[in-house]
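Structural overview for review
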Amino acid sequence: MRVLLNQLYRLSSAAAAICLCVIAGLVLVQVFGRIVDGTLRALGLPIAGITVPSLNEIAGFLFVAATFLALAATLRQADHIRVSMLIRAVPLGARRVLEGLVLTIGTMLAAYASWHAVFLVIDSIQFNSVSFGVIAIPLWIPQSALAIGLIVFAIALADELVDVVFGDGVPTYQTHEEAKSDIIQRPVITPEEAERGSS
Amino acid sequence: MGIEMLALLLGAAMLVALALGLWVSLALSAVAILGIVIATNVPVGTVMATTIWGKLNSWELTALPMFIWMGEILFRSRLSQDMFAGLAPWMRGLPGRLLHVNILGCTIFAAVSGSSAATTATIGRMALPELSKRGYDPRIAIGTLAGSGTLGLLIPPSIILIVYGAATEQSIARLFIAGVLPGIMLAVLFMGFTAIWAIMNRSRMPEADPPIPLMERLAATRRLLPVILLIVAVIGSIYAGLASPTEAAAVGVFCALILSWLSGTLTKESFTQALLGATRTSCMIAFILAGAAFLTVAMGYTRIPRELASWIGVMELSPYLLLAALTLFFIVLGCFLDGISIVVLTTSIILPMVQAAGIDPIWFGIFLVLVVEMSQITPPVGFNLFVIQGMTGRNIFQVALYALPFFCLLVLGTVLLVLFPEIALWLPETMLSNR
């Protein structure tokens, strides 16, 4: 089960990363095409006309997919920001209660959002919604990425919740969260050294 | 329920949600749901799904992951290690000498990173020990670091300006160009102050090092220079109308990869780490934007922003007073929130009010970033001050005291921006394309 879940999160974030690569690739092809055409025109030659049709729309869709498919991994690596002042200040028992509380709220919100994202996809299939561009892309395809990403996110939140309530009480992101602020706050000069410098 | 009660209730709910440690993006959505459920009987879930989809499905926003990715690649190409070595030889001749490395280093680094806490931490970890070793007064060393950690956020490609542009539907290209002059103005103010301080406090400065020949200086900067050229080229092509922000950013990613390949730091591992890091940071910011978009729509249903705007109109508050009040409000928020969260949290509520007062939204974006960054070093509490407290072991009041002159310079810069709005608006007006 554990292995399966980790695999799910990894797969989802890898798909998100690939979406970003595809955006970069397509935009570069477009820019390259424009440079080639500009050069050809300057030389008085016929243009090659390399363009990516509907690039604006496709890039937007890929961006949505990249965002939502990465949600779970972002949570687990503590990259979603929050105010952790209170949660880190209270004693261990209270901390567990607080983590449990925010994870419960989070799981409910994500599940609710997933539910309605699925409806969005079903609507698009029923009404045959397509994008407006040169290439008419059925909207359910990018919207499915949104729905799947939210579902994986809800699973990841529930996973952490189970860990906090029934497991060791420590969510996966906690070590990352603490490591992050420790890196930022690791001392570089001691006050004594600094004083010596100033005298 | 009266609209005042509703506003108070939603405000309190937001504070509680954030304080408990709920993720910012989820807190925004939770309050939005609460607002819609109380104020109206529209189907919440449908509004939520269509808003999120409609907002994020945008060509303009694709510039966000591209710029973040470019920054991630440059981070991993030894940029921070090269920064001190590359800048120091050039600064020896100026009054204030290596203290300027803090200021310029932060400016360049923030241009690629977009987070003031990360900038302060990275530059500080490298520059503070060097400055301390060479006998610079730690008070001024810490002060320059605290101040300049914030200023580079105006220098494009600024992530926080993309966020503002996306949240308020303003042109990201124009915002970028609008940030150039105010950013340079602040850097000049900071460097000028440091130079004057150094001249007046000769006794607190270490002995001067002998100047370094030009060729050696160039050799020391050879790895830093391409990065600076890359940033200039990205901004230049947007200004000249040659490329949209997304295109400039994608080319930026490509060039950053080549730079890192040339410097021998491009490995399969560093590539994957940069890509995954960019995926997650972009996801975090985009998800906050999605929550903010939903909150904006929810606020529209509750009519709170409109009421606020007309209330401001009835009070006949002058724009100056309004800006002063907003400044205070942001400074309070800056005690516990980072810049991006402040921007998205407030734009959904205050932008109608600001526009009702006749303030240009592009100008307001620059003003907002300036004030938000000021809020990060406001004595006695601010996000950046915490970072420096952790790094130097000095308590936050001391750090705030050292940073105070730079805080005052930021206030001065903001006042100048208010008195002369052209500082931000002149360059966008001369842009070659009206994208």
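The model shown is predicted, which means the values in this text are computed figures rather than measured ones.

1. A closer look at the overall build of chain A
Counting its secondary structure elements, chain A contains eight helices and zero strands. When the helices and strands of chain A are placed in sequence order, the string is α-α-α-α-α-α-α-α. Put simply, chain A has 199 residues, and 46% of those count as buried. Total accessible area computed for chain A in this model is approximately 10000 Å², and 71% of it derives from carbon and sulfur atoms.

2. Quick word on the packing of aromatic side chains
This model, assessed by the stated rule, comprises twelve aromatic pairs over all chains. Centroid distance F153 of chain A to F287 of chain B: 5.5 Å. Interplanar angle 85 degrees. Geometry classified as edge-to-face. Separated into two different chains, F153 of chain A in helix 6 (residues 140-166) and F287 of chain B in helix 14 (residues 268-302) make up a pair that spans both. Like F153 of chain A, the residue F287 of chain B is buried in the burial classification. One aromatic cluster in this structure is built from F68 and F153 of chain A together with F287 of chain B.

3. Here we look at the packing of helix 8 (residues 138-151) of chain B against helix 10 (residues 172-200) of chain B
All names here are of chain B. One can describe the packing of helix 8 onto helix 10 by two numbers: an axis separation of 10 Å at closest approach and a directional angle of 175 degrees. Between helix 8 and helix 10, the angle falls in the class roughly antiparallel. Judged by residue contacts, I140, T144, G147, S148 and L151 of helix 8 engage G183, L186, A187, F190, F193, T194 and W197 from helix 10. Looking at the contact of helix 8 with helix 10 residue by residue, the classes come out as seven nonpolar, five polar and no charged.

4. Concerning the interface of chain A and chain B
Reports often express the size of an interface as the amount of accessible area lost when the parts come together. Between chain A and chain B, the residue contacts involve 69 residues of the former and 70 residues of the latter. Taken together, chain A and chain B are joined by two salt bridges. When the shortest N-O distance is used, the salt bridge between E247 of chain B and R34 of chain A registers 3.1 Å. The interface formed by chain A and chain B contains six residue pairs in polar contact (both at pLDDT 80 or more). Contributions of two or more residues to the side of chain A that touches chain B are made by helix 1 (2-42), helix 2 (55-69), helix 3 (71-76), helix 4 (85-89), helix 5 (92-126), helix 6, helix 7 (172-185) and helix 8 (191-198) of chain A. Tallied by class, residues from the side of chain A that touches chain B come to 47 nonpolar, 15 polar and seven charged.

5. Quick notes on helix 10 of chain B
All names here are of chain B. Taking 1.5 Å per residue, 29 residues should reach 42 Å; helix 10 reaches 42 Å between its end C-alpha atoms and fits that length. Taken as a whole, helix 10 carries its principal kink of about 25 degrees at V180; the proline P182 stands between one and four residues after it. Taking the backbone nitrogen of A173 as reference, a side-chain oxygen 3.4 Å away marks S171 as the first, capping residue of helix 10.

6. Details of empty space enclosed by the protein
Evaluation of the coordinates by the stated rule reveals six cavities of 30 Å³ or more. For the largest cavity, the calculated volume is near 90 Å³. In terms of lining, the largest cavity is formed by L109, A110, A113, L150 and F153 of chain A together with L26, S29, M48, I52, F287, A290 and G291 of chain B. Among the elements of the structure, helix 5 and helix 6 of chain A together with helix 2 (24-39), helix 3 (44-56) and helix 14 of chain B are those that each provide at least two residues to the lining of the largest cavity. Looking at the lining of the largest cavity residue by residue, the class counts come to ten nonpolar, two polar and no charged. Counted as a void, the second largest cavity has a volume near 50 Å³. Together, I73, R76, S77, L257, S260, T265, L266, S270, F271 and A274 of chain B line the second largest cavity. Breaking the lining of the second largest cavity down by element, the ones donating at least two residues are helix 13 (245-262) and helix 14 of chain B. When residues in the lining of the second largest cavity are grouped by element, the largest group, three residues, is from helix 14 of chain B. Grouping the amino acids of the lining of the second largest cavity by side-chain chemistry returns five nonpolar, four polar and one charged.

7. A short note on a nonpolar patch on the surface
Residue and element names in this part refer to chain A. Where nonpolar side chains cluster on the molecular surface, the patch consists of L8, W115, V118, F119, I122, I151 and I155 and spans about 580 Å² of accessible area. Listed by contribution, the elements that provide at least two residues to the nonpolar patch are helix 5 and helix 6. The element best represented in the nonpolar patch is helix 5, accounting for four residues. Relative to the helices and strands, I151 is located in helix 6.

8. Some thoughts on unusual backbone geometry
Apart from glycine, the bulk of residues carry a negative phi angle, and the bulk of peptide bonds sit in the trans form. Residue and element names in this part refer to chain B. Although it is not a glycine, E169 adopts a positive phi angle of roughly 60 degrees. By the secondary structure assignment, E169 is in the loop between helix 9 (159-168) and helix 10. Of note, the phi angle at R303 is positive, near 65 degrees, even though the residue is not glycine. Take R303: it is sitting in the loop between helix 14 and helix 15 (304-315). When its relative accessible area of 41% is taken as the criterion, R303 is described as partly exposed.

9. Quick word on the environment of Y320 of chain B
All names here are of chain B. Relative to the assigned elements, Y320 resides in helix 16 (residues 319-333). Its relative accessible area of 54% is what places Y320 among the exposed residues. Taking the C-alpha atoms as reference, Y320 lies 8.0 Å from V418; in sequence the two are 98 residues apart.

About the thresholds
Residues numbered from 1 in each chain as written. Chains lettered and ligands numbered in written order. Predicted model: local features only at pLDDT ≥ 70, side-chain atom pairs only at ≥ 80, totals over all residues. Heavy atoms only, no water. Helix = DSSP H or I, 4+ residues; strand = E, 2+ residues; numbered from the N terminus. Buried < 20%, exposed > 50% of the residue type's maximum accessible area, 1.4 Å probe, protein only. Areas by Shrake-Rupley, 256 points an atom, 1.4 Å probe, with all protein chains shown as cover. Phe/Tyr/Trp six-rings, centres within 6.5 Å; stacked < 30°, edge-to-face > 60°. Axes fitted to C-alpha atoms, helices over the stretch in contact; angles between N-to-C directions. Parallel < 35°, antiparallel > 145°, perpendicular 65-115°, else oblique. Contact = heavy atoms within 4.5 Å. Nonpolar A, V, L, I, M, F, W, Y, C, P; charged D, E, K, R; others polar. Salt bridge = Lys/Arg side-chain N within 4 Å of Asp/Glu carboxyl O. Polar contact = N/O pair within 3.5 Å; in protein donor to acceptor, adjacent residues only side chain to side chain. Expected span 1.5 Å × (residues − 1). Bend = angle between axes of the 7 residues up to and from the residue. 1 Å grid on protein atoms, 1.4 Å probe; cavity = no way out; pocket = protein on both sides within 12 Å on 5 of 7 lines; lining within 4 Å. Points joined across faces, edges and corners; volume = space filled by probe spheres on them. Patch = residues over 30% accessible without salt bridge, like charges linked within 9 Å, V, L, I, M, F, W, Y side chains within 5 Å.

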